Amino acid sequence: MSLVDTANDTTRSALADREADLLARIPDGLFIGGRWEAGTRDPIQVQDPATGRVIKRIANATPEDGVRALDAAVEAADSWAATPARVRGEILRRAFDLLQERREDFALLMTLEMGKPLAEANGEVTYGGEFLRWFSEEAVRISGRYGQNPEGTGTMVVSQRPVGPCFLITPWNFPLAMATRKIAPALAAGCTVVVKPAELTPLTTLYFAQLLADAGLPAGVVNVIPTSTARQVSEPIIADPRLRKLSFTGSTPVGRNLLAQAGQNVLRTSMELGGNAPFVVFDDADLDKAVEGAMLAKFRNIGQACTAANRFLVHESVADEFAARIVEKVRALRIGRGTEEGVTIGPLIDHRAVASMEDLVADAVDKGARVLTGGFAPAGDGSFYEPTVLVDVQPGSEILREEIFGPVLAISTFSTEEEAVARANETEYGLVGYVFTQDLARGQRMIDRIDTGMMGLNTGIVSNAAAPFGGVKQSGLGREGGLEGIHEYLSTKYTLIPA
């Protein structure tokens, strides 16, 4: 055995020991009323998607557990709402500081349960942490109005109050950031919460709940209930008249069902749903920037992001060069377990996701598309799919209608600006769009004409804690992050004081 092999074996052994130590420290219970509780039914088995190996067994909440979690949130609601904003903000700031101290743990944990490469997981720790820092500062800036009414008959006082107990449902693809993006503004506004993390990636949320307790958060303010029966657990919580807010990130079909349930009690709702992002490259685009932006917009998080570019609409005059440059970049990506050095593409979340990639690519090829690279699932353990580039994707292909949620880049061409706009808007979704052009006037026209809640102009990444995140049409309701984010958890109260 060579010295290099010996060193590699030593490194792998040290990593395995670190993984085992971390997983042993992750709570495995339900977090209700500030206490960790064992479940009463068969546990959830959390798997590493890179290997298929079960890495942790955790408590599996029942509908009764969900109601008890809401009980705890309701019991803590009045005292938390009365807690001074400065105190709420300082707890969030301590949570931010603790997250920086534990960032390596959180990054490794996300890689283990979700599959993203460690470098990207570290990026998520930074991004997720910014919501804690941002809303720690916004907590003390909740404002109102005071002034005489136009008739001069009295004084108007407009104030903002916490909306009340909230139910937060988070997805599996960004286990930390999607939790902090909902929890932080709720706590800053003075709301208590019940959090239901995704069954596939609950460990990060459980570890974060422990971090919040360590930061001094009072018992009952945040409650976490992982479950394998999401609908059965969620329905009684949403139907309970004590609940006042529902926030969900996930698929549009599930979002529609939740909105229907929320309507029965007229709940405040925030819905961050599906996307079908157009990525438009005009003939005058800086192709270096466009290619760089495409790699970020498509392959970040293994393509498993609602903001991922879905439809690449490239002007016919530059399509061949754009595709050739993309293929060169894609072939340089390294697929593997996210803990391995140099890996840039980890596994998809499960084998169902791999099957979806196979079906979408097969349909596109059947309708006339060509595969320039990739287009298959490699043999071996784990739920991997090769990074793929398709060209000549034809209208009517499923890959142009469905959210891909994987490492497949599908290119079709256009000839005029009007065609590009029409094709970009030819979807029921409207979360984000990307446009590359060096013509500032054209860029402004695209901002005005493409129907999305967010836009990246000459950039392939738009998310920022200080910016309002959300879409239009069937991509959802409400905004997360930015100045707007805290208002999703506040209700406006008007009082008239006669003169």
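In short, a report on the structure. Within each chain, residues carry numbers counting from 1 in the order of the written sequence. Only residues with pLDDT of at least 70 get local features here, since the model is predicted, and only at 80 or more are side-chain atom pairs given and counted; chain-wide, interface and lining totals rely on the full set of residues. Water and hydrogen atoms were dropped before computing side-chain values, which therefore reflect all heavy atoms in the structure.

**Describing the overall build of the protein**
Right, so step 1: Along the backbone of the protein there are 16 helices and 20 strands.
Right, so step 2: For the radius of gyration, the atom set is restricted to C-alpha positions; the globular benchmark scales as 2.2 Å times the number of residues to the power 0.38. Over its C-alpha atoms the protein spans a radius of gyration of 24 Å, differing by no more than 12% from the 23 Å that the globule rule assigns to 499 residues.
Right, so step 3: The principal-axis extents of the C-alpha atoms in the protein amount to approximately 70 × 70 × 40 Å.
Right, so step 4: Looking at the protein residue by residue over its 499 residues, the buried ones come to 55%.
Right, so step 5: Contacts were defined at the residue level, with two residues in contact if any of their heavy atoms lie within 4.5 Å. Partitioning the contacts of the protein with sequence separation of at least 6, the portion at a separation of at least 24 is 73%.
Right, so step 6: Only four residue types enter the tally: Lys and Arg on the positive side, Asp and Glu on the negative side, with His and both chain ends excluded. In this description, the location of a charge corresponds to atom NZ of lysine, CZ of arginine, CG of aspartate or CD of glutamate. Between the centroid of the 49 positive side chains of the protein and the centroid of its 64 negative side chains there is a distance of 5 Å. What counts as a helix is a DSSP run of H or I of at least four residues, what counts as a strand is a run of E of at least two, and both are numbered from the N terminus. Each residue gets one of three labels from its accessible area relative to the maximum for its type: buried under 20%, exposed over 50%, partly exposed in between, using a 1.4 Å probe on protein chains only.

**Points about the nonpolar core**
Right, so step 1: Within this scheme, the nonpolar core is defined by two criteria: the residues are buried Ala, Val, Leu, Ile, Met, Phe, Trp, Tyr or Cys, and they are joined through side-chain atoms within 4.5 Å. Core analysis: the largest hydrophobic core is formed by 65 residues, its most contacted members being Ile183 and Val222.
Right, so step 2: With nine residues, the top contributor of residues to this core is helix α6 (residues 177-189).
Right, so step 3: Every residue in contact with Val222, bar those within four places of it in the chain, is listed here: Phe31, Ile183, Leu187, Val193, Val195, Leu212 and Leu217.
Right, so step 4: Counting residues in hydrophobic clusters, the runner-up holds 54 residues, among them Val291, Val318, Val389 and Val432.

**Regarding helix α2 (residues 63-82)**
Right, so step 1: Helix span, expected: 1.5 Å multiplied by one less than the number of residues in the helix. In this model, α2 (20 residues) spans 30 Å end to end at C-alpha, consistent with the 28 Å of a helix rising 1.5 Å per residue.
Right, so step 2: Within α2, burial applies to Asp65, Gly66, Ala69, Leu70, Ala72, Ala73, Ala76, Ala77 and Trp80.
Right, so step 3: For α2, the elements touching its buried residues are β1 (30-32), α3 (85-101), α6, β8 (193-196), β9 (222-224) and α8 (230-239).

**Quick look at the sheet that holds strand β6 (residues 154-162)**
For sheets, the rule is that strands pair by backbone hydrogen bonds, running either parallel or antiparallel.
Right, so step 1: Sheet architecture is open: three strands sit in the order β5-β6-β20, paired in antiparallel fashion. What marks the edges here is a single partner per strand, and that holds for β5 (145-148) and β20 (490-498). Taking the axes of each pair of neighbouring strands and ignoring which way they run, one obtains an average angle of 15° across the sheet. The pairing criterion for strands is at least two bridges between them, as found by DSSP. Angles shown run from 0 to 180 degrees and are taken between the N-to-C directions of axes, each axis being a line fitted to C-alpha atoms and, for helices, limited to the stretch in contact.

**Some remarks on the side chain of Thr62**
Right, so step 1: Along the chain, Thr62 falls in the loop between β4 (54-58) and α2.
Right, so step 2: Excluding anything up to four places from it in sequence, Thr62 contacts Thr40, Arg41 and Val233.

**Concerning the pattern of salt bridges**
Right, so step 1: Each salt bridge in this description consists of a side-chain nitrogen of Lys or Arg and a carboxyl oxygen of Asp or Glu lying within 4 Å of one another. Within the structure shown, the criterion is met by 31 salt bridges.
Right, so step 2: Among the ionic pairs, Glu488 bridges to Lys245, the shortest N-O distance being 3.6 Å. A residue pair is termed long-range when its members are at least 10 positions apart, and Glu488 in the loop between α16 (482-485) and β20 and Lys245 in strand β10 (residues 245-249) qualify at 243 residues.
Right, so step 3: By relative accessible area, Glu488 is classed as buried at 15%.
Right, so step 4: Salt bridges sharing partners connect three or more residues here, namely Asp283, Asp284, Glu417, Glu418, Arg442, Arg445 and Arg449.

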